[in-house]
Amino acid sequence: LRYDVIKSDNNITFTEFYLLENSCRRPFPDNITAYYMHIDLKYATQITEFERIHNPICMAVPSHKDGQVIRQRRQYLIYYTKYGHRHAFPNAKTFIKLGFDFDNVTQLYEGDIVRFPIGEPIPDLANKPINFNLSSWVL
C-alpha cells in the first residue's frame with residue numbers, strides 16, 4: 001500500500017505527521033504506528049497552505065501499539081494486537097479467561113482494521129487451565 005504522508009512544523013517543539021486520506025488529515029498517534037504501517041516519516045512532505053485549508057483534521061489513525069483489543073464495526077470477531085498484527089480470539093470464553101472486558105474493545109472502521117495484517121489466532125483456552133500470558137506469547 002502507498003500512503004500520502006504530510007507533516008506540519010509548529011515551529012516550537014515538534015512536527016506533526018498526518019495521513020492524507022479522503023480529503024482529511026489523519027494524525028499519527030505515535031511512531032510505532034507509522035513503523036508497523038511501513039511508513040518512513042522522514043519522507044513526509046511539508047503540508048501546503050492549500051492542503052491545510054482544504055483537508056481538515058479528522059479522526060486519528062488507530063494506534064498499532066501492542067496489547068490493544070479491537071474489532072471491526074458491526075462485526076463480532078475480536079482481535080488482540082501484537083507486532084502490528086491482529087490475532088483473533090477463538091471464542092468469548094478465551095477472551096474472558098485472559099482478563100479482557102467487552103466494554104474495552106475498540107471499534108474500528110473496515111478501512112482501518114485492514115491496516116493490521118492478520119496474524120496467528122490466539123490458542124483456544126476455553127476448556128483449559130489458564131497458564132497463558134499474551135504479553136509473553138511468541139508468534
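Keep in mind that what you see is a predicted model, and the values were worked out from it rather than measured.

Draft legend 1. Expanded view of the packing of aromatic side chains. All chains considered together, the criterion is met by six aromatic pairs. Ring centres of Phe89 and Phe100 lie 5.4 Å apart, and the angle between their planes is 70°; this geometry places the pair in the edge-to-face category. Linking Phe89 in the loop between strand S7 (85–88) and helix H3 (92–97) with Phe100 in the loop between H3 and strand S8 (106–108), this pair joins segments that are eleven residues apart in sequence. Assessed through its relative accessible area of 5%, Phe89 is described here as buried. What links up through ring pairs into an aromatic cluster is the set Tyr80, Phe89, Phe95, Phe100 and Phe102. Over the aromatic face of Tyr109 sits the side chain of Arg73, whose NZ or CZ is 4.4 Å from the ring centroid. Looking at Arg86, its charged tip hangs above the ring of Tyr79, at a distance of 5.0 Å from the centre.

Draft legend 2. Focus on the pattern of salt bridges. Applying the stated criterion to the full structure yields six salt bridges. Across the pair Arg115 and Glu21 runs a salt bridge, and its minimum N-O distance is 2.2 Å. Note that Arg115 is positioned in the segment after helix H4 (110–113) and Glu21 in strand S2 (residues 15–21), a separation of 94 residues in sequence. Here Arg115 matches Glu21 in class, with each residue buried. One salt bridge connects Asp40 with Lys42, and the closest N-O pair in it is separated by 3.9 Å. Note on Lys42: relative accessible area 61%, which makes it exposed. Via salt bridges that share partners, Glu21, Arg26, Asp112 and Arg115 belong to a single interconnected network.

The rules behind each value
- Residues numbered from 1 in each chain as written.
- Predicted model: local features only at pLDDT ≥ 70, side-chain atom pairs only at ≥ 80, totals over all residues.
- Heavy atoms only, no water.
- Phe/Tyr/Trp six-rings, centres within 6.5 Å; stacked < 30°, edge-to-face > 60°.
- Helix = DSSP H or I, 4+ residues; strand = E, 2+ residues; numbered from the N terminus.
- Buried < 20%, exposed > 50% of the residue type's maximum accessible area, 1.4 Å probe, protein only.
- Lys NZ or Arg CZ within 6 Å of the ring centre and 35° of its normal.
- Salt bridge = Lys/Arg side-chain N within 4 Å of Asp/Glu carboxyl O.

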